[in-house]
Amino acid sequence: MIFAGMLNRVMLSELQFPGLLVGGALAFEQFMAPSRVLFGQISDAHPFAGRHRVPYIRLGAALFSGLAVASIPVIFALHGALASGSSAAIAAGIVALCGLFALYGLAISLASTPYLALVIDLTDEQERPRAVGLIWCMLTVGIVVGAIATAVSLKGLDGVTDPALLQPTLLGFMAKVGAVVFALTLVATQGMEPPAADRSRSADREDALTLPQAWRLITSSRQVLVFFAFLLLFTLALFLQDPILESYGAEVFGMPIAATASLSATWGIGTLAGLLLAGFWIVPRLGKFASARLGCQLILATLLLLVLVGLTARVPLLQLVMLLFGIASGIGTNSTLCLMLDLTLPEAAGTFVGVWGLAQAISRALGKLVGGGLLDLARWLQPGDGVFLPFAAVLLIEVAIALAALVLLERINLRQFRADTGQSLQRVLVAELG
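Owing to the predicted nature of the structure, the values given are computational and were not obtained by experimental measurement.

### Let's talk about the overall build of the chain
Broken down by element type, the chain carries 17 helices and zero strands. Counted over contacts in the chain with a minimum sequence separation of 6, partners at least 24 positions apart contribute 84%. Total accessible area on the chain stands at roughly 17,900 Å², and carbon and sulfur atoms take up 69% of it.

### As for helix α4 (residues 54-84)
The first and last C-alpha atoms of α4 sit 46 Å apart over 31 residues, in line with the 45 Å expected at 1.5 Å per residue. Roughly 25° is the biggest bend found in α4, and it falls at Ser71, with proline Pro73 one to four residues downstream. Residue Gly85 follows α4 closely and has a positive phi angle near 80°.

### A look at the side chain of Arg36
Summarising the element assignment, Arg36 is placed in helix α3 (residues 35-45). One polar contact links Arg36 to Ser112, side chain to side chain, over a distance of 3.1 Å.

### Brief notes about the pattern of salt bridges
One pass over the structure, following the stated rule, counts two salt bridges. The partner of Arg379 in a salt bridge is Glu251, and the shortest N-O contact between them spans 2.7 Å. Residue Arg379 is located in helix α15 (residues 349-381), and its partner Glu251 is located in helix α11 (residues 245-251); the two are separated by 128 residues in the primary sequence. A salt bridge links Glu410 to Arg293; its shortest N-O distance comes to 2.7 Å. Remark: Arg293 occurs in helix α13 (residues 288-309) and Glu410 occurs in the loop between α16 (388-409) and α17 (414-433); sequence separation between them is 117 residues.

### Points about the confidence of the model for the chain
For the chain, mean pLDDT is 81; residues scoring 70 or higher make up 84% of the total. Of all helices and strands in the chain, the one with the weakest mean pLDDT is helix α8 (residues 199-208) (42), whereas α13 scores best (93). With pLDDT under 50 throughout, residues 196-208 is counted as low confidence; its partners more than four residues away or in other chains account for 14 contacts.

### Describing the packing of aromatic side chains
One pass over the full model with this rule turns up five aromatic pairs. Centroid distance Tyr248 to Phe253: 5.3 Å. Interplanar angle 90°. Geometry classified as edge-to-face. When sorted by exposure, Tyr248 lands in the same class as Phe253, which is buried. Put simply, the rings of Phe227, Phe230 and Phe234 pair up and form one aromatic cluster.

### Some words on the packing of helix α10 (residues 222-239) against helix α14 (residues 315-342)
Between α10 and α14, the shortest axis-to-axis distance is 11 Å and the interhelical angle comes to 160°. What the angle tells us is that α10 and α14 run roughly antiparallel. Our pair here, α10 against α14, has a crossing hand that is left-handed. Packed against α10, whose contacting residues are Phe227, Phe230, Leu231, Phe234 and Leu238, the element α14 presents Phe325, Ser329, Gly332, Thr333, Thr336, Leu339 and Met340 at the interface. Class assignment of the residues belonging to the contact of α10 with α14 gives a composition of eight nonpolar, four polar and no charged.

### Some thoughts on the nonpolar core
If you look at the biggest cluster of nonpolar residues, it comprises 72 residues, and the most contacted ones within it are Phe227, Phe230, Tyr248, Leu306, Leu318, Met322 and Trp356. It is α16 that contributes the most residues to this core, twelve residues altogether. Excluding its chain neighbours within four sequence positions, the residues that come into contact with Phe230 are Cys296, Thr336, Ala405, Leu408, Leu409 and Ile412. Listed in part, the 35 residues of the second largest apolar core include Leu12, Phe17, Ile75 and Leu154.

### Some thoughts on a nonpolar patch on the surface
On the surface, Leu305, Leu308, Leu311, Leu317, Leu320 and Leu324 cluster together to form a nonpolar patch covering roughly 510 Å² of accessible area. Looking at the nonpolar patch, the elements that each hand over two or more residues are α13 and α14. Looking at which element gives the most residues to the nonpolar patch, the answer is α14, with three residues. Turning to its location among the elements, Leu317 is positioned in helix α14.

So, how was this worked out
- Residues numbered from 1 in each chain as written.
- Predicted model: local features only at pLDDT ≥ 70, side-chain atom pairs only at ≥ 80, totals over all residues.
- Heavy atoms only, no water.
- Helix = DSSP H or I, 4+ residues; strand = E, 2+ residues; numbered from the N terminus.
- Contact = heavy atoms within 4.5 Å.
- Areas by Shrake-Rupley, 256 points an atom, 1.4 Å probe, with all protein chains shown as cover.
- Expected span 1.5 Å × (residues − 1).
- Bend = angle between axes of the 7 residues up to and from the residue.
- Polar contact = N/O pair within 3.5 Å; in protein donor to acceptor, adjacent residues only side chain to side chain.
- Salt bridge = Lys/Arg side-chain N within 4 Å of Asp/Glu carboxyl O.
- pLDDT = per-residue confidence, 0-100.
- Phe/Tyr/Trp six-rings, centres within 6.5 Å; stacked < 30°, edge-to-face > 60°.
- Buried < 20%, exposed > 50% of the residue type's maximum accessible area, 1.4 Å probe, protein only.
- Axes fitted to C-alpha atoms, helices over the stretch in contact; angles between N-to-C directions.
- Parallel < 35°, antiparallel > 145°, perpendicular 65-115°, else oblique.
- Left-handed = near helix turned anticlockwise from the far one by under 90°.
- Nonpolar A, V, L, I, M, F, W, Y, C, P; charged D, E, K, R; others polar.
- Core = buried A, V, L, I, M, F, W, Y, C linked by side-chain atoms within 4.5 Å.
- Patch = residues over 30% accessible without salt bridge, like charges linked within 9 Å, V, L, I, M, F, W, Y side chains within 5 Å.

Okay, here's the thing in structure tokens:
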């Protein structure tokens with residue numbers, strides 16, 4: 001998230017890339033989302049060195065860390081091509097940038113899908129809500145620390161737009177970040193999945209479901225489609241503003257690079273508070289569905305505040321709203337993730353996690369692509385009317401999406417999902433034995 005936000009800001013505001021180009025290129029990461037289903041099924045069925053999850057997590061982390069570093073020279077090469085006006089150079093630069101983010105998306109899918117499946121492998125139904133809260137709290141802490149580190153490390157670039165100064169600093173920063181992330185992945189996964197720790201479960205998982213059988217299983221219930229659509233809208237309601245948020249701070253509020261990067265830290269602190277609040281108080285008292293409903297309502301309200309605060313152009317108010325948006329996001333995310341893990345069968349954990357991850361990734365892709373494109377469209381429709389209205393238009397569309405997610409949430413039935421998929425699993429296994 002820190003990586004994408006910083007590059008969004010640099011490409012849009014410092015290098016003056018078109019919003020549609022930035023959103024479209026970054027969206028290629030999420031266009032690779034269908035691979036999550038495949039990687040989930042592969043990790044279910046094909047262990048490496050006796051492990052189903054950890055080798056894939058480590059390989060994915062190594063790949064996405066290296067590709068993040070490689071993105072910097074590619075971005076600045078495209079900037080040079082745009083400045084030269086050469087059609088061939090521009091086309092090659094765009095293809096290279098989109099291809100790099102596509103590979104980055106494959107690496108993210110390879111690492112993240114087995115990781116969530118590992119959570120299901122190592123926990124039972126009672127433990128998972130606490131595990132979800134802890135995992136996403138640590139993820140949020142990482143976002144906060146990363147945002148603060150980015151703000152401190154890049155403070156010297158405030159006001160700098162010269163590519164000759166920007167590129168070496170950003171390249172060095174990204175190389176350090178990539179090395180730290182991969183090292184932390186190695187340490188964090190050490191001993192998490194001992195070889196052949198549970199051979200009986202591994203054997204069952206390998207023999208029970210092929211990819212076509214897993215696909216028949218996940219399409220056996222209408223509730224899968226409903227929850228898939230809900231995840232699409234919920235995630236889009238969180239991330240449609242993602243490609244424009246730092247530019248919103250830069251253009252409407254006059255914030256420098258380091259200050260806009262700190263918006264992610266503010267959001268992260270709020271999300272951490274929301275995750276803890278939901279995990280230890282709201283979800284136990286209200287239940288998962290009521291908590292998810294509350295989270296969607298709060299997200300909708302804080303998005304409206306994010307629009308209104310732009311009328312004041314006051315940075316402290318923007319920071320306060322981002323804190324509140326983070327709290328709302330934390331509450332909604334915790335309860336939605338608990339629902340997601342409940343709507344998963346252990347026998348096909350990787351495959352189901354891949355499907356839910358696919359829904360989230362599609363939404364993030366649409367957010368990056370549509371967010372930047374809507375900003376360009378609004379600017380084209382309202383030329384010369386100031387910088388605020390185009391951003392407000394995008395945020396109001398996001399409000400409407402949050403409202404649609406609320407409507408779909410009311411149609412989700414956990415009991416019906418379990419009944420449908422449980423019966424389908426029995427039919428698949430009986431057919432395999434026959």
